[in-house]
Protein chains: 2
Amino acid sequence: MLETIVERLQEAGHRLTKPRMAVLQVLETGGEHLSPAEILARGQAIYPALSRATVYRTLELLSELGLLRLIHPGEQRSSVACVAMHHHGHHHLLCIHCGCMIPFEECVVGELEATLSQRLGFEIKGHLLEFYGLCKECRGHQKVEQ
Amino acid sequence: MLETIVERLQEAGHRLTKPRMAVLQVLETGGEHLSPAEILARGQAIYPALSRATVYRTLELLSELGLLRLIHPGEQRSSVACVAMHHHGHHHLLCIHCGCMIPFEECVVGELEATLSQRLGFEIKGHLLEFYGLCKECRGHQKVEQ
DNA sequence: GCATTAATTGAGACTTTGTCTCAATTATAT
DNA sequence: ATATAATTGAGACAAAGTCTCAATTAATGC
Ligand SMILES: [Zn+2]
Ligand SMILES: [Zn+2]
Ligand SMILES: [Zn+2]
Ligand SMILES: [Zn+2]
């Protein structure tokens, strides 16, 4: 997986620097829900001089290449850089009370994607399907608390 | 529509203050893609003393009541408080190059929603389906620019 | 290997977003 | 009208994200 990304970077004429490689390593092993701040922290464990600017620059670069997708950037609490490098689409449930995320695999948008793409002349690179509501736990709490 | 919201607010025991009404008015007329900053600016045109804190507090209140949903908060450029007070679900295409958003109406998640809800014990209140890629215009540009 | 060169980097100033506290205001019920 | 508790604005604060610029470094050709 990392190799694919590295290839695509080089194809597009970008350098393979140490700070970049550190970010990529973090992304590869860190799952799909890391915040930029977390990526920075983990990246500095690999390459201590890594700077915030470089994290953002690298994320932007990968976004432009269609290799990942930032979801809900900026949220202070549950800030999530949702990395969808493994799939074309990304799917989860999000609890609006505790902020937990539960991913799921089913994808039901294939046909719709084709329709929209044709109708609107849009070149679709991926998608995000997010359900939001109350998770099993928060569903119980909610009534007691309020 | 505004009346429904006002009713629900009062039912839940919240006051009908001027700053709140200003925010509601903005939301009603401003479409579904306003950022908190835009809501503040437009709100101050109606009620000049309106403060940022109140905008956020009102948005949070409405979220808790399930009346709207913030999407991608915090993004500096295309910051979007996606107000989905009109529908259970919200659907759009997002251009990763120019940031434009094209809404669409088709909803294909009904069955999946039921399945997931049952399987995971999640009380689903709404959903966001977002396709991302290049819009018609940017699709052309892209090659020229780069 | 070594030099050249243009891409990339880190530092840190800066802007914007979002949160919090507290004293002053105000909607509501009586 | 008064009492009371919710709500407010101001402004301090914290965190996220952007930008500039001089210094570094990966790639290319020798
Ligand atoms: Zn996710
Ligand atoms: Zn929860
Ligand atoms: Zn939308
Ligand atoms: Zn576009």
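Scroll up for the structure.
Counting starts from 1 at the beginning of each chain's written sequence and moves along it residue by residue. By the order in which they are written, chains take letters starting at A while ligands take numbers starting at 1. With the structure being a predicted model, the display of local features is reserved for residues of pLDDT at least 70 and the display and counting of side-chain atom pairs for 80 or more, all residues being used for whole-chain, interface and lining totals. Computation of side-chain values: all heavy atoms of the structure, hydrogens and water removed.

A. Just the packing of helix H3 (residues 36–46) of chain B against helix H4 (residues 52–64) of chain B, in detail. Residues and elements named next belong to chain B. Between N-to-C directions, angles span 0 to 180 degrees; the directions come from axes that are lines fitted to C-alpha atoms, helices contributing only their stretch in contact. Starting at the N terminus, helices and strands are each numbered in turn, a helix being any DSSP run of H or I of at least four residues and a strand any DSSP run of E of at least two. Where H3 contacts H4, the axes come no closer than 10 Å and their chain directions differ by 115 degrees. As H3 runs across H4, the sense of the crossing is right-handed. Of H4, the residues touching H3 (which contributes Pro36, Ile39 and Leu40) are Arg52, Val55, Tyr56 and Leu59. Tallied by class, residues from the contact of H3 with H4 come to six nonpolar, no polar and one charged. Definitions for this section: a left-handed crossing has its near helix turned counterclockwise from the far helix by less than a right angle. A right-handed crossing has that turn clockwise. In this description, contact between two residues means that some pair of their heavy atoms is separated by no more than 4.5 Å. Under the grouping applied here, Gly and all other residues not named as nonpolar or charged are polar, the nonpolar ones being Ala, Val, Leu, Ile, Met, Phe, Trp, Tyr, Cys and Pro and the charged ones Asp, Glu, Lys and Arg.

B. Representation of the pairing of strand E3 (residues 89–95) of chain B. Residues and elements named next belong to chain B. Only protein chains enter the accessibility calculation, which uses a 1.4 Å probe. A residue is then buried if its area is under 20% of the maximum for its type, exposed if over 50%, and partly exposed in between. Of all seven residues making up E3, seven are buried, and the element is well covered by its neighbours. Of the two faces of E3, the one holding Gly89, His91, Leu93 and Cys95 and the one holding His90, His92 and Leu94 are both buried throughout. Here seven bridges tie E3 to strand E5 (residues 123–134), and the two strands are oriented parallel to one another. Within E5, the residue paired with histidine 92 across the bridge is glutamate 130. Only strands joined by at least two bridges in the DSSP assignment are considered to pair. Bridging between E3 and strand E4 (residues 101–103) involves three bridges; their strand directions are antiparallel.

C. View of helix H2 (residues 18–29) of chain A. Here H2(A) spans 17 Å end to end across twelve residues, near enough to the 16 Å set by a 1.5 Å rise per residue. Listed in full, the buried residues belonging to H2(A) are Pro19(A), Ala22(A), Val23(A), Leu24(A), Val26(A) and Leu27(A). To estimate how far a helix should extend, the number of its residues minus one is multiplied by 1.5 Å.

D. Up close: the nonpolar core. In this structure, Phe131(A) and Phe131(B) are the most contacted members of the largest nonpolar core, which totals 26 residues. Elements represented by at least two residues in this core include exactly strand E3 (89–95), helix H5 (110–120) and strand E5 (123–134) of chain A together with E3, helix H5 (110–120) and E5 of chain B. The contacts of Phe131(B), once residues within four sequence positions are left out, are Val109(A), Leu112(A), Glu113(A), Leu116(A), Ile124(A), Gly126(A), His127(A), His92(B), Leu93(B), Leu94(B) and Phe104(B). Here, the term nonpolar core denotes a set of buried Ala, Val, Leu, Ile, Met, Phe, Trp, Tyr and Cys residues that are joined through side-chain atoms within 4.5 Å.

E. Summary view of the pairing of E5(A). Within E5(A), ten of the twelve residues are buried, leaving the element largely enclosed by the surrounding structure. The pairing of E5(A) with E5(B) spans eleven bridges and is antiparallel. Across the sheet, residue His127(A) finds its bridge partner in E5(B), namely Phe131(B).

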